[in-house]
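For reference, the chains in residue letters:
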Amino acid sequence: MNTKYEIKNGLTGKSTQLEAMSGTIGPDVLNIAPLLKDLGVFTFDPGFMATASTESKITYIDGDAGVLLYRGYPVEQLAEKSCFLEVANLLIYGSLPSKAQLDAFQNSITRHTMVNQQLLRFFQGFHHDAHPMAMVSAVVASMAAFYHDSTDINDPRHREIFAHRIIAKLPTIAAAAYKHSLGQPFIYPRNDLRYCANMLNMFFAVPCEAYAIDPVAAEALDLLFILHADHEQNASTSTVRLAGSTGANPYAAISAGVSALWGPAHGGANEAVLDMLEGIGSTANIDDFLARVKDKRDNVRLMGFGHRVYKNFDPRAKIIRGMCYRVLEKLGRTDSPLFELSLRLEEIALKDEYFVSRKLYPNVDFYSGIIYSAIGIPRSMFTVMFAIARTAGWVAHWQEMVSDPHMRIGRPRQLYTGPKKQDYVPIERR
Ligand code: CMC
């Protein structure tokens, strides 16, 4: 039997019972619907610190233990043994695919990588220094104006075609944004290449000479993408769910997710970490920088540190730090001053009372930029890379929500503190 909690209004004596609901793992949640019905009150939880916004079977995080599971599989095992498209398939379909299922999925993704030619013309409307995230979110939203054959959200096959299209086309759109910022011609996708190798080719090849794809770079990207693929109800995923809950076109919902991801508190942190490291400059300046972080008047944060859910090491950060050594070694760049600086910064911060007492640890973004830089991805594209990977998670969550027959529009309430009712005053009497 589920635990029941009695809530009583001390003034009126009215009470109600809230039932606890249990998941497979993790804390119970209270069904608070009776609060409004029986006591006439809402709950108040700015930032959703203690609110489970939905039921989900996709990803589980234990923030105290530093655990991350996709469909029950530890991210460490997937990072070691799987590849990004298999993980995307797992997130979307719910179980590990057979060889035939994975081949079919990879084939479908490969064959959906081209985008409508008219869509490519959109880039000409952007100034050369437009941020790639602005271009990507706009072009993804514009996809709603193109792929009309698969936007019936109540048709499972339509949903599936949408899922394959968006995962396949986002790297192509990202590459077009990058090429536009360089003023270079767009490079079409190649069906003989795997997902990340194709992306590197679209980013770095030029029509006038052969481009050799570095397998180390492709492998590193694939691993980073596995680690970024999903993270339960984070801000951008919740944004995709909220936008999608209105029945909006799914491309519009994903575009909303791209926009939410851009902020420095979320996916924009990877770009901000490198800006920060460059600003610090050398290990000699770490103490001064941390003094500014700790002085709240300065409004400076140690970017890549802290997390709403992890109050322990982010398991993804551990993997990426290990990967930094391997990738930099393989690329012959072990003398990376930024990596050295970030290691020292982490070491000092982890011993500092300010960070220890607040349980602030390095998160996934602390080291990812070092790897992106090492493989030649420009800083302005870091968050776009995150968006490509997270699209797998966004799609899985959107699918889970839309295929639920009990889906309702997401519509939170508020604590209103504005003026009470007042009468309009004509302008000459104000
Ligand atoms: N540097 C300095 N102080 C921090 C930091 C930080 N990076 N993060 C949290 N704090 C302090 C904060 O000032 C507060 O202190 P106090 O209790 O004295 O007021 C306390 O720690 C709790 O912080 P919070 O802002 O209430 O925590 P939150 O859960 O609302 O925010 C966060 C989580 C990730 C937005 C925040 O830790 C942060 O801004 N980190 C830096 C940005 C970053 O790296 N973001 C990437 C997150 S992981 C990838 C992703 O989600 O996309």
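Now for a description of the structure that goes with this document. Along each chain, residues carry numbers from 1 onward, in the same order as the chain's sequence is written. Only residues with pLDDT of at least 70 get local features here, since the model is predicted, and only at 80 or more are side-chain atom pairs given and counted; chain-wide, interface and lining totals rely on the full set of residues. For the side-chain quantities, the full set of heavy atoms in the structure was used; hydrogens and water were omitted.

Re the site of the ligand
- When at least one non-hydrogen atom of a residue lies within 4 Å of a molecule or strand, that residue is treated as near it. Near the ligand you find 22 residues, and of these His266, Lys296, Arg301, Leu302 and Arg308 are the closest.
- We define a polar contact as two N or O atoms separated by no more than 3.5 Å, with the added condition that, inside protein, one atom must be a possible hydrogen donor and the other a possible acceptor, whereas residues neighbouring each other in sequence contribute only through side-chain atom pairs. Arginine 301 is positioned such that a nitrogen or oxygen atom in its side chain is 2.8 Å from an oxygen atom of the ligand.
- A distance of 2.9 Å separates an oxygen atom of the ligand from a polar atom in the side chain of arginine 358.
- Computed with a 1.4 Å probe, the accessible areas rest on the Shrake-Rupley method; for each residue, only the protein chains presented here act as cover. In the complex, the protein chains occlude 75% of the 930 Å² of accessible area that the ligand would expose alone.
- Ten residue types, Ala, Val, Leu, Ile, Met, Phe, Trp, Tyr, Cys and Pro, are classed as nonpolar, four, Asp, Glu, Lys and Arg, as charged, and the remainder, Gly among them, as polar. In the shell around the ligand, the residues fall into 11 nonpolar, six polar and five charged.

So, the side chain of histidine 180
- Only DSSP runs of H or I covering at least 4 residues are called helices, and only runs of E covering at least 2 are called strands; the numbering of each starts at the N terminus. Structurally, histidine 180 is set in helix α7 (residues 156-182).
- Beyond its immediate stretch of four places on either side in the chain, histidine 180 contacts Phe123, Gln124, Phe126, His127, His128 and Met135. Note on definitions: a residue-residue contact is assigned when non-hydrogen atoms from the two residues lie within 4.5 Å.

Quick look at a nonpolar patch on the surface
- Patch rule: a residue counts if its relative accessible area is over 30% and it has no salt bridge; like charges are joined within 9 Å, and nonpolar side chains (Val, Leu, Ile, Met, Phe, Trp, Tyr) within 5 Å. Note on definitions: salt bridges are taken to be side-chain nitrogens of Lys or Arg within 4 Å of carboxyl oxygens of Asp or Glu. A contiguous nonpolar surface patch, about 310 Å² in accessible area, is contributed by Tyr5, Ile7, Leu30 and Ile32.
- Structurally, isoleucine 7 is set in strand β1 (residues 4-8).
- The buried label applies to any residue whose accessible area, calculated with a 1.4 Å probe on protein chains only, is under 20% of its type's maximum; exposed applies above 50%, and partly exposed to all values in between. Judged by relative accessible area, which is 31%, isoleucine 7 ranks as partly exposed.

Remarks on the pattern of salt bridges
- A complete count under the given rule lists 17 salt bridges for this structure.
- We note a salt bridge from arginine 379 to glutamate 278, for which the minimum N-O separation is 2.5 Å. Here arginine 379, found in the loop between α17 (365-374) and α18 (382-402), pairs with glutamate 278, found in helix α12 (residues 269-280); they are 101 residues apart in sequence, far enough to count as distant.
- Residue lysine 351 pairs with glutamate 347 through a salt bridge whose shortest N-O separation is 3.6 Å. On the criterion of helical spacing, the pair formed by lysine 351 and glutamate 347 is a turn pair, its members being four residues apart in helix α15 (residues 337-351).
- Judged by its relative accessible area of 66%, lysine 351 falls in the exposed class.
- Owing to a relative accessible area of 37%, glutamate 347 belongs among the partly exposed residues under this scheme.

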